[in-house]
Each structure stands twice: as C-alpha cells, then as structure tokens.
Amino acid sequence: MLAILAAGQSSRFGDHDKLTALLGKKMLGLYVSDNLQSLPFLNATIIAPKDEHPCTNHWSESGYNILGNEKAAEGQSTSVRLAAIQAQSVKADALCICLADAPFVSSENIKQLVAEFRRLGQVKIVASSNGENIMPPAIFPADQFKKMASLNGDKGARSLLLNAATITFAISNMLDIDTPDDLAVAKKLL
C-alpha cells in the first residue's frame, strides 16, 4: 500500500498552505502523487486535511483514495497512524509512506526501495537517505503496523527508521519543502 502524507500544518511556510504553492505550473502537493500514480500498489491513499483541500479533486481524479485526518494539528504521527490503520484494513503486506511536500521523489526511487525491501525478505524497514539523514519515502513491513498505529507527536515514524536499511538517493530527489527558501531551491532544480 502507498500512503502520501499531505495533512501537515505548513507551520514553517508562513501563512499559506505550502502544498498549494506553485512549483512551475502546478501546485507543490501534486508532484509526488503524479510521479507515483503509475506504480501498481494494492491501495494508494492520500492522508489529507479533514476539510476539502485544493489538491483533492486532482488526487481523486488520479485514482487516489482520500482519507481526511481530523487530528492533523496533533502532529505527523496522526497521519502515520491513519496510514497504518488503512494498511491493516486492506490487509497490505507492506506500507510505503511518502511525503506530499517532496516533489522530486520519483517512481524509480520507489522501485529501488521496493526491490531492496523484497531482497531483504520483506521483514525489514527500508528507508531513503540523502547521505546525512534517514527519511521517507520508507517501506514498512506489516509487523510494524501496530507500532505505527500507536505513534504520537510530530516526528511521524522517525523513531522506527533508526534501524532501517537505507538507500541513498540524490539530495535533490529527497528535497522536502518546509520553508519558502526550500521552495526557491526547488524552483531552481525544476
């Protein structure tokens, strides 16, 4: 199962929802969903804000299930919990978590993570790295869903990634847009 987390508070971005910021000719929140839409996941879900989001129509038209997070203000772990509960409900063997504010994550990045996950016997968490930090996208085996469903705070599943196998990708692929300065960097890379 694929879950794209899109219910963040954009607190470091200022007064605007960063996912609606333009990057090139489209909203930032549409890049990862467009980049990954052709991958053959059993279930592809966007964990979105509980209220209608400007990206929702595009996500739905692209074939994603939309799951509203009513507790998003409590931190990223609430989205991870929803994703894990959804993965359990569809009896997924694994859960791939991506962030909606990482526009340059590609389907090739995910294919490499999936290949490594399979190579390791589908029993170990496999995460991405930019050479310095371990981060999403990451793939979690089903035996991690219960832990994920009990996480709290704004660190998401970071604690679970500490012992993950990692694949290092180009820093540009792993760029996470948190601030207007990050968006300026992304515009130069585009």
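Up top is the structure.
Each chain carries its own residue numbering, running from 1 in the written order of its sequence. Given that the model is predicted, a residue must reach a pLDDT of at least 70 before its local features are reported, and side-chain atom pairs must reach 80 or more before they are shown or counted; all residues, however, enter totals for whole chains, interfaces and linings. Each side-chain value is derived from all of the structure's non-hydrogen atoms; neither hydrogens nor water enter the calculation.

Considerations on the overall build of the protein chain
Defined as follows: Put simply, DSSP marks the helices as runs of H or I at least four residues long and the strands as runs of E at least two long, and each gets a number from the N terminus on. A radius of gyration in this sense is built from C-alpha atoms; the matching globule rule multiplies 2.2 Å by the number of residues raised to 0.38. Think of it in three bands: residues with accessible area under 20% of the maximum for their type are buried, residues over 50% are exposed, and the middle band is partly exposed, with areas taken using a 1.4 Å probe on protein chains only. Between two residues, a contact is recorded if the distance between any of their heavy atoms is within 4.5 Å.
Counting its secondary structure elements, the protein chain contains six helices and nine strands. For 190 residues, the compact-globule estimate of 2.2 N^0.38 gives 16 Å, and the C-alpha radius of gyration of the protein chain, at 15 Å, lies within 12% of that figure. The principal-axis extents of the C-alpha atoms in the protein chain amount to approximately 40 × 35 × 30 Å. Burial statistics for the protein chain: of 190 residues in total, 51% are counted as buried. A fraction of 69% describes how many contacts in the protein chain between residues 6 or more apart in sequence connect residues 24 or more apart.

So, the sheet that holds strand β4 (residues 44-49)
Note the following rule: Strand pairing is assigned whenever DSSP identifies at least 2 bridges connecting the two strands. Angular values range over 0 to 180 degrees, each being the angle between N-to-C directions of two axes fitted as lines to C-alpha atoms, with helices fitted over their stretch in contact.
As summarised here, the arrangement of the seven strands in space is β5-β4-β1-β6-β8-β7-β9, forming an open sheet in which the pairing is mixed. In the strand order of this sheet, the two ends are held by β5 (65-69) and β9 (165-168), each with one partner. Recorded for the sheet is a direction-independent mean angle of 25 degrees between the axes of neighbouring strands. Note: strand β7 (residues 126-129) against strand β8 (residues 134-141), four bridges, orientation antiparallel. Following the sheet pairing, Ser128 is matched in β8 by Met135. Sheet strands in contact with helix α4 (residues 107-119) are β6 (94-99), β7, β8 and β9, and its direction is about 45 degrees off that of β8.

Considerations on the pattern of salt bridges
As a reminder, the rule being used: Take a side-chain nitrogen of Lys or Arg and a carboxyl oxygen of Asp or Glu: if they are within 4 Å of each other, that pair is a salt bridge.
Summed over all chains, the structure comprises five salt bridges. Between Lys18 and Asp178 there is a salt bridge whose closest N-O contact spans 3.0 Å. You can see Lys18 sitting in the loop between β1 (2-5) and β2 (22-23) and its partner Asp178 sitting in the loop between β9 and α6 (180-189), a full 160 residues away along the chain. Using a relative accessible area of 9% as the deciding quantity, one classes Lys18 as buried. Between Lys111 and Glu108 there is a salt bridge whose closest N-O contact spans 3.5 Å. With a gap of three residues between them, Lys111 and Glu108 both fall in helix α4, about one helical turn apart. For Lys111, a relative accessible area of 44% puts it in the partly exposed group. Looking at Glu108, the relative accessible area reads 44%, which means it is partly exposed. Linked by salt bridges that have partners in common, Lys18, Asp101 and Asp178 make up one network.

Some details on the packing of aromatic side chains
Quick note on the threshold: In summary, the pairing rule links any two rings of Phe, Tyr or Trp, Trp by its six-membered ring, whose centres are within 6.5 Å, and it sorts them by plane angle into stacked for under 30 degrees, edge-to-face for over 60 and tilted for everything else. Think of it as a cone above the ring: NZ of Lys or CZ of Arg counts as a charge over the ring if it is within 6 Å of the ring centre and within 35 degrees of the ring normal.
Under the criterion given, the structure shown has zero aromatic pairs. In this structure, Lys26 is placed above the aromatic ring of Tyr31, and the distance from its NZ or CZ to the ring centre is 4.5 Å.

Some points on the environment of Asp181
Secondary-structure assignment places Asp181 in helix α6. We classify Asp181 as exposed; its relative accessible area is 61%. Placed 16 residues apart in sequence, Asp181 and Ala165 show a C-alpha to C-alpha distance of 30 Å.

Observations regarding the pairing of β1
Residues of β1 alternate between two faces, with Leu2 and Ile4 on one and Ala3 and Leu5 on the opposite face, all of them buried. In this sheet, β4 lies alongside β1 in parallel orientation, the contact comprising four bridges. Within the sheet, the bridge partner assigned to Leu2 lies in β4 and is Ala44. The sheet contact formed by β1 and β6 spans four bridges and is parallel. Bridging from a neighbouring strand, Leu2 pairs with Cys96 of β6.

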